[in-house]
Structures are given as C-alpha cells and as structure tokens.
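# Observations on chain architecture
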Amino acid sequence: MTERLTVAARRAALEMLPEWRELPDREAIARTLTFSGFDAAFGFMTRVALIAAQHDHHPDWRNVYNRVEITLTTHDAGGLTNRDIELARAIDAVAAAVSPA
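Now for a look at the structure at hand. (Residues numbered from 1 in each chain as written. Predicted model: local features only at pLDDT ≥ 70, side-chain atom pairs only at ≥ 80, totals over all residues. Heavy atoms only, no water.)

Moving on, we come to unusual backbone geometry. Phi is positive for Asp56, which is not a glycine, with a value near 50 degrees. For Tyr65, which is not glycine, the phi dihedral falls at a positive 50 degrees. Tracing the chain through its elements places Tyr65 in the loop between β3 (60-64) and β4 (67-72). On the accessibility criterion, Tyr65 (53% relative accessible area) is exposed. (Helix = DSSP H or I, 4+ residues; strand = E, 2+ residues; numbered from the N terminus. Buried < 20%, exposed > 50% of the residue type's maximum accessible area, 1.4 Å probe, protein only.)

Now the structure itself:
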C-alpha cells in the first residue's frame, strides 16, 4: 500500500502545485479548470483519463459544460499520497498543453 503524506510533505508538495488547493474537510487536493467550451473540456478529460489509466490512479471529477473540477486522493491509503502529487503534475502538464480559457 502507498503511504500517506505527512502534513509537512503535503504542504511542500502543494508549494510546487500552485493551481491546487488542499480541501479543508478531507485529505485531498483539488483544482478547477475552465475551458473555451465543452469540446475543449471533454478533450482535456480524455487526455487525463488515458494518463490516469496508465498509472492505475483515477481522479474524482465533475464536468459541467466548460468547467472541470478535479479532486485527488488515494482512497485505499485513506488520504493524499505521492500518487496524487504525480497525477496532479501530469494534469498540470496536460492543462498547459491545451490552454484552458
């Protein structure tokens, strides 16, 4: 099983992920992205889904028209792990490549 990050490790990781925020009610991080339209948002989600499947680690997410809300946590570890941080970095790279609105 993957180990949960300590509070200090979570804070250090979030310093490197300025677009992400720690959720106050659970051990997870979240980011909301806004795109030019539904097609762009769905295309982004498709690219992220392929990466997540390769890593066998999947986001909790929601899409409404041009907005994608993403939450990352490792359910079987009961909180935030390095797997979440790695996926957040990959998500950021995809977002930078597709230029959210």
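Moving on to the pairing of strand β2 (residues 29-34). As paired strands, strand β1 (residues 21-22) and β2 are joined by two bridges and run antiparallel to one another. Of the residues in β2, the one forming a bridge with Arg21 is Ala30. From the end of β1 to the start of β2, which pair antiparallel, there are six residues. Alignment of β2 against β4, held across six bridges, turns out to be antiparallel. By the bridge assignment for β4, Thr34 is matched with Arg67. (Pairing = 2+ DSSP bridges.)

On to helix α3 (residues 82-98), then. In a regular helix each residue adds 1.5 Å, so 17 residues correspond to 24 Å; α3 covers 25 Å between its end C-alpha atoms and thus fits that length. Along α3, the residues classified as buried are Asp84, Ile85, Leu87, Ala88, Ile91, Asp92, Val94 and Ala95. Contact partners of the buried residues in α3: α1 (7-15), β2, α2 (38-55) and β4. (Expected span 1.5 Å × (residues − 1). Contact = heavy atoms within 4.5 Å.)

In this section: the nonpolar core. Ranked by internal contacts, the top residues of the largest apolar core, which has 23 residues, are Trp20, Ile29, Phe44, Ile70, Leu72 and Ile91. Of all the elements in the fold, those that place two or more residues in this core are α1, β2, α2, β4 and α3. At six residues, the largest contribution of residues to this core is made by α3. Leave out the neighbours within four places in its chain, and Leu72 touches Trp20, Ala28, Ile29, Pro59, Leu80, Asp84, Leu87, Ala88 and Ile91. (Core = buried A, V, L, I, M, F, W, Y, C linked by side-chain atoms within 4.5 Å.)

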